[in-house]
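Below are the chains, spelled out letter by letter.
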Amino acid sequence: MYKSQTPGYVFELCRKLRRTPTHAEELLWKHLRTKNLRNLKFRRQHPIGRYIADFYCRDARLVIELDGGIHDIKNQKKYDEIRQEIIELYGIQVLRFKNREVEENLEEVL
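Note that the structure is predicted; figures quoted are calculated from it, not measured. (Residues numbered from 1 in each chain as written. Predicted model: local features only at pLDDT ≥ 70, side-chain atom pairs only at ≥ 80, totals over all residues. Heavy atoms only, no water.)

Draft legend 1. The arrangement of the pairing of strand β3 (residues 62-67) in detail. With respect to burial, β3 is a largely interior element, six of its six residues being buried. Here β3 shows no split at all, with Leu-62, Ile-64 and Leu-66 on one side and Val-63, Glu-65 and Asp-67 on the other all buried. Two strands pair when backbone bridges link them, and strand β2 (residues 51-57) and β3 are joined in this way by three bridges, in the antiparallel orientation. For Tyr-56, the partnering residue across the bridge sits in β3 and is Val-63. (Buried < 20%, exposed > 50% of the residue type's maximum accessible area, 1.4 Å probe, protein only. Helix = DSSP H or I, 4+ residues; strand = E, 2+ residues; numbered from the N terminus. Pairing = 2+ DSSP bridges.)

This is the structure in structure tokens:
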């Protein structure tokens, strides 16, 4: 489906992002990995076309995005909107959370 549309450099960027997660990504990953959340398998820093999802569950057709402060900048917000629209064209739902939400209220996010 979308893998054939993924440029090669995206895979290397995914690996780099997996090696340098944010604090919020580490916290959430502890609960998503090894099917700890409703027995769903999540992947982190997973390519979808030319974009990279923070967390992706194929079975649920779900992307979870964690947004730090940079996502409050006007140009970044517009980019995020376009990116989300494109991902949703693949039939994938996108949930967005602020890093702060994960760090301060993880149970509610889960």
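Draft legend 2. Expanded view of the state of the cysteines. According to the stated counting rule, one finds zero disulfides in the structure shown. Sulfur of Cys-14: no disulfide; nearest cysteine sulfur belongs to Cys-57 and is 17 Å away. (Disulfide = S-S within 2.5 Å.)

Draft legend 3. Structural view of the sheet that holds strand β4 (residues 93-98). Pairing in this open sheet of four strands is mixed, and the strands run β1-β2-β3-β4 from one edge to the other. Only two strands of the sheet have a single neighbouring strand rather than two, namely β1 (43-48) and β4. The average undirected angle you get between the axes of adjacent strands in this sheet is 45°. Strands in contact with helix α1 (residues 8-19) are β1 and β2; relative to β1, the strand with the most contacts, it is inclined by about 160°. (Axes fitted to C-alpha atoms, helices over the stretch in contact; angles between N-to-C directions. Contact = heavy atoms within 4.5 Å.)

Draft legend 4. Examining the pairing of β1 more closely. One ladder, built from five bridges, connects β1 with β2; its direction is antiparallel. When the bridges of β2 are listed, His-46 appears paired with Ala-53. Taken together, β1 and the strand that follows it, β2, pair antiparallel across an intervening segment of two residues, in which Gly-49 is found at a positive phi of about 60°.

Draft legend 5. Layout of the side chain of Asn-99. Inspection of the secondary structure assignment puts Asn-99 in helix α4 (residues 99-104). Every residue in contact with Asn-99, bar those within four places of it in the chain, is listed here: Thr-22, Ala-24, Leu-66, Asp-67 and Gly-68.

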